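# Secondary and tertiary structure notes
In case you want the letters, here they are:
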Amino acid sequence: MGLKEMTKAEYKEKGGFRASAFIFALVSLENMGFIANMVSMVLYFGYVMYFNIPESANTLTNFMGATFLLSLLGGFIADTFLSRFTTCLLFGFIEVLGLALLTIQAYSKDLHPTFCGKPSCIKGGIAVMFYASLGLLALGSGGVKGALPALGGDQFDQKDPKEAQALARFFNWLLLSTTLGACVGVTGIVYLTTEKHRWYWGFFISTVATFIGFVILAFGKPFYRLREPTPADSPIIRIAQVIAAAIENRRLALPENPNEMYEISAKEKDFREERLSHTNQFRFLDKAAIVPKDSKPTPWTVCTVTQVEEVKILTRMLPILGSTIIMNTCMAQLQTFSVEQGNTAMDRHLGKFEVPAASIPIIPLAFMSILIPIYEFLFVPFARKITHHPSGITQLQRVGVGLVLSAISMAIAGVVEVKRRNQANINKPISLFWLSFQYGIFGIADMFTLVGLLEFFYKEAPACMRSLSTSFTWLSLSFGYFLSTVFVNIINSVTKRISPSKQGWLHGFDLNQNNLNLFYWFLAILSCLNFANYLYWASWYKYKTEEPDPDAKAKDFSTGPLLGNEESNLGGGATETNEASSSDRDPDAKAKDFSTGPLLGKEESNLGSGATETNKAPSSEPDPNAKAKDFSTGPLLGKEESTLDSGATETNEAPSSVQT
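Since the model is a prediction, treat every value here as computed from it, not as a measurement. Counting starts from 1 at the beginning of each chain's written sequence and moves along it residue by residue. Totals for whole chains, interfaces and linings use every residue, but because this is a predicted model, local features are given only for residues with pLDDT of at least 70 and side-chain atom pairs only at 80 or more, for both listing and counting. Computation of side-chain values covers all heavy atoms of the structure but excludes hydrogens and water.

Another aspect to go through is the side chain of Ser527. Here Ser527 lies in helix α17 (residues 516-540). Residue classification places Ser527 among the buried positions, given a relative accessible area of 3%. Any pair of residues with heavy atoms lying within 4.5 Å of one another is described as a contacting pair. For Ser527, the residues in contact, after removing those within four places along its chain, are Ile326, Cys330 and Ala407. Counting from the N terminus, the helices are the DSSP runs of H or I reaching at least four residues and the strands are the DSSP runs of E reaching at least two. Type-normalised accessible area, obtained with a 1.4 Å probe on protein chains alone, sets the label of each residue: buried when under 20%, exposed when over 50%, and partly exposed for intermediate values.

Residues belong to a common nonpolar core when they are buried Ala, Val, Leu, Ile, Met, Phe, Trp, Tyr or Cys residues joined through side-chain atoms within 4.5 Å. In terms of nonpolar packing, the biggest core is built from 134 residues, with Met41, Tyr44, Leu148, Leu217, Met317, Phe337 and Phe519 touching the most fellow members. No other element matches the 17 residues that helix α2 (residues 16-47) contributes to this core. What Met317 contacts, discounting residues up to four positions off in sequence, is Phe456, Phe457, Glu460, Ala461, Ser469, Phe472 and Tyr541. Of all hydrophobic cores here, the second largest spans eleven residues; its members include Ala246, Met261, Ala288 and Cys303.

Two measures define how a pair of helices packs: the angle their axes make with one another and the distance between the axes. Close contact between α2 and helix α5 (residues 84-107) brings their axes to 13 Å; oriented N to C, the two are set at 40°. Compared by their axis directions, α2 and α5 come out oblique. Once α2 is placed against α5, the crossing between them reads as left-handed. Note on element contacts: α5 touches α2 through Glu95, Leu99, Leu102, Gln105 and Ala106, opposite Glu30, Asn37, Met41 and Tyr44. Side-chain classes are defined by residue name, with Ala, Val, Leu, Ile, Met, Phe, Trp, Tyr, Cys and Pro counting as nonpolar, Asp, Glu, Lys and Arg as charged, and the others, Gly among them, as polar. Grouping the amino acids of the contact of α2 with α5 by side-chain chemistry returns five nonpolar, two polar and two charged. To get an axis, a line is fitted to the C-alpha atoms, and for a helix only the part in contact is used. The angle between two axes follows their N-to-C directions and goes from 0 to 180 degrees. By definition in this entry, angles of less than 35 degrees are roughly parallel, angles greater than 145 are roughly antiparallel, angles of 65 to 115 are roughly perpendicular, and the rest are oblique. Should the near helix be turned counterclockwise from the far one by less than a right angle, the crossing is left-handed, whereas a clockwise turn marks it as right-handed.

Criterion for a disulfide: a pair of cysteine sulfur atoms within 2.5 Å. Across all of its chains, the model carries one disulfide by this definition. There is a disulfide in this structure between Cys116 and Cys121, and the S-S distance comes to 2.2 Å. For the disulfide bridge between Cys116 and Cys121, the dihedral angle about the S-S bond is near -95°, and by the sign convention the bridge is left-handed. Under the relative-accessibility criterion, Cys116 is labelled partly exposed at 36%. Residue Cys121 is classed as buried on the basis of its relative accessible area, which comes to 8%. There is no disulfide at Cys330, and the cysteine sulfur nearest it, in Cys528, is 9.7 Å away. Look at Cys330 and you get buried, because its relative accessible area is 0%.

Each helix should span, by expectation, one fewer than its residue count multiplied by 1.5 Å. For helix α3 (residues 53-69), with 17 residues, the first-to-last C-alpha span of 24 Å sits near the 24 Å given by 1.5 Å per residue. Within α3, 13 of the 17 residues are buried, which leaves it mostly tucked inside the rest of the structure. What qualifies as a polar contact is a pair of N or O atoms within 3.5 Å, subject to a donor-acceptor requirement within protein and to the restriction that residues adjacent in sequence count only when both atoms come from side chains. Measuring from the side-chain oxygen of the N-cap residue of α3 to the backbone nitrogen of Glu55 gives 2.9 Å; that N-cap residue is Asn52.

To continue, consider the environment of Ala253. Its location among the elements puts Ala253 in the loop between α9 (235-248) and α10 (305-322). A C-alpha to C-alpha distance of 7.8 Å links Ala253 and Lys287, two positions 34 residues apart in sequence.

Time to look at empty space enclosed by the protein. Only protein atoms enter the 1 Å grid used here. Points where a 1.4 Å probe fits but cannot escape make up a cavity, open sets with protein on both sides within 12 Å along at least five of seven lines make up a pocket, and a residue lines them when an atom lies within 4 Å of a point. Grid points are joined across faces, edges and corners, and a volume is the space filled by probe spheres set on the points. All told, the structure shown has seven cavities of 30 Å³ or more when counted by the stated rule. Counted as a void, the largest cavity has a volume near 640 Å³. Lining the largest cavity we find 34 residues, and of these Ile35, Met38, Thr178, Asp446 and Leu450 sit closest to its centre. Those elements that place two or more of their residues in the lining of the largest cavity are α2, α6 (124-153), α7 (161-195), α11 (325-334), α13 (362-387), α15 (436-460) and α16 (466-498). Broken down by class, the residue content of the lining of the largest cavity amounts to 26 nonpolar, five polar and three charged. The wall of the second largest cavity is formed by Glu30, Gly33, Phe34, Asn37, Met38, Met41, Phe63, Met64, Glu95, Leu99, Leu137 and Thr210. Contributions of two or more residues to the lining of the second largest cavity are made by α2, α3 and α5. With six residues, α2 is the largest single contributor of residues to the lining of the second largest cavity. Along the lines of polarity and charge, the residues of the lining of the second largest cavity split into seven nonpolar, three polar and two charged.

Salt bridge, as used here, is a side-chain nitrogen of Lys or Arg placed within 4 Å of a carboxyl oxygen of Asp or Glu. For the coordinates displayed, the defined rule picks out 13 salt bridges. Among the ionic pairs, Arg169 bridges to Glu376, the shortest N-O distance being 3.2 Å. Taken as a pair, Arg169 in helix α7 and Glu376 in helix α13 lie far apart in primary sequence, 207 residues in all. Accessibility expressed as a relative area gives 24% for Arg169, which makes it partly exposed. One salt bridge connects Lys312 with Asp286, and the closest N-O pair in it is separated by 2.8 Å.

Here the focus is a nonpolar patch on the surface. Exposure above 30% relative accessible area and no salt bridge define the residues that can form patches, which grow by joining like charges within 9 Å and nonpolar side chains of Val, Leu, Ile, Met, Phe, Trp and Tyr within 5 Å. Here, Shrake-Rupley sampling with a 1.4 Å probe gives the accessible areas, and only protein chains in the shown set may cover a residue. On the surface, Trp201, Phe204, Val208, Phe211, Ile212, Val215 and Phe219 cluster together to form a nonpolar patch covering roughly 670 Å² of accessible area. As for its placement among the helices and strands, Val215 is situated in helix α8 (residues 199-219). Val215 sits in the partly exposed class, given a relative accessible area of 32%.

Below, the discussion takes up α17. Owing to its 3.6 residues per turn, the α-helix aligns residues three or four sequence positions apart on the same side. An ideal rise of 1.5 Å per residue puts 36 Å on 25 residues; α17 measures up with 36 Å between its terminal C-alpha atoms. Of the positions making up α17, those classed as buried are Leu516, Asn517, Phe519, Tyr520, Leu523, Ala524, Ser527, Asn530, Tyr534 and Ala538.

Glancing now at the side chain of Thr207. Its place among the elements puts Thr207 in helix α8. Here Thr207 falls in the buried class, since its relative accessible area comes to 11%. Discounting residues that sit within four places of it in the chain, Thr207 has contacts with Val96, Leu99, Ala100 and Thr103.

Moving on: the packing of aromatic side chains. Only Phe, Tyr and Trp rings are paired, with Trp represented by its six-membered ring, and only when their centres lie within 6.5 Å; those with planes under 30 degrees apart are stacked, over 60 edge-to-face, the remainder tilted. Counting across every chain of the model gives 37 aromatic pairs. When the ring of Tyr44 is compared with that of Phe203, the centres are 5.3 Å apart and the planes differ by 85°; the resulting orientation is edge-to-face. Here Phe203 lies in helix α8 and Tyr44 lies in helix α2, a separation of 159 residues in the sequence. The exposure classification of Tyr44 matches that of Phe203, with both residues buried. Relative to Phe522, the ring of Phe487 has its centre 5.4 Å away and its plane inclined at 85°; by these criteria the two rings are edge-to-face. With a gap of 35 residues between them, Phe487 in helix α16 and Phe522 in helix α17 connect regions that are remote in the sequence.

Written out as structure tokens, the structure reads:
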């Protein structure tokens, strides 16, 4: 059932963590294979497909970049044509198909190339099979990532204070589910593939686990809150309409009062839709909401204020997106060159057991599996008491912490590489666990940044654009991986010309002859500069709405005003009632009709002998579902009314501070 057909009662019965449990199961099973492949495929490309070191690294980063870039396609389809649930199942089928083809090629020796000594040895039908399987895997996995986080976020209502807290918790548990599945993948699956050289078994286990995950997701359908999009909800169309209308109305003067711009009334919108308040940024877009004289509003000539604000929100998000790309370029090195470090000349023994180099990410994953519950159960409640923010700290603060830690990780990676190379050149290799410093710090950085970005892009986005918006997180990852490829190629090209040896920093098959440490330090310096850039844009960004009070209990206002009550007995049966304006909006409150009364709060006291005193103060916040009041027959004033002795009444009227 689509969201627009759901009643409020049906909507409340669905969703929550009961529905999210199916999503967590899929995330664990899918990432068990995805992350195992992500950290070990560079070795598959090198030892099975015979790419050299830089070509292996570039092939993996291009594959990962394409995967995350295609999340935009999944997000667009989920916001425009199919529900997020259906989109996940569709792309899930494609992902399983890609894994199956990868398994077949890994199993069949006839589909492996022969060594040729060139940067790449695959050609002909082998190349077609190789790139087709990677392409399907990238398309399927990327499409799922574009729709799945938004599907999970839809199970929680941001307008309900309790569910707003649960939404922040959901993204933490989503990351925990990822890390738990990844822990199994980088140990069990990676051991099979890199140590036992049973690559087809690793891909086969990934295929089966992913298939089971999507079956579990399908079984959860009766519990989901689903939203069926319409073509009118298409983010691309809505953005194009605003730009077209703004250009069409460019010669019109903006009204002094933003309330004169075009907007739908509260009763015309669906109960789950939102009306966004006008902001003063990007004022040229406001011209799209001006209704020309003697013209009838149409979607391509006049847009609502809410629609204009949607475009402004997406525009404000872009600098934040751009400021996180460098961090993801750093992440790409941990899945390529750091794995090559561990596999080239390091002591991989833990007692008598030889640890696979690609399994070293188990250290940050184990850290994250422990730290996420600590963060959720200890840090967030403590920070919430100080900041009164549902997430403890804001999403952009959380991202900033991750950016700082990523720069530290790259600086340490350079130091470790110097020690590794020096010891390798004298045949005294250092332990593989020296890499745990860079992996561990970056794992904590990822815990802060990834969840912060997912929550930020979901909560700030308009309801009809949340799949596309959460895809911005993966878009940042995509650009980071592609930028890694660009950096490797440019740095190799430049350093080859200026170095005395006429060899690039990153070249050939022998990492001990390279200058990987200089590349790490280059990224560390770039990360510091990027953090300064991020601070500017984070301070410039204005959040869409004020966060709800996390300690406020949801109230039922269906039988009374949108006010808080305090009631006390004064003696003799007299009662004093003080009603203060509510600071929270109850999403389930029945729309109140103010057409026959003012939008005001009350203070009422029984003074004795049945006498009553009523004081009405302006409400600090209007009910978002309240019917627009008709002030054509009366002033926009607040009232103070007192019933004096003998039934006499005194009324004082003061201007209201609230405008509807």
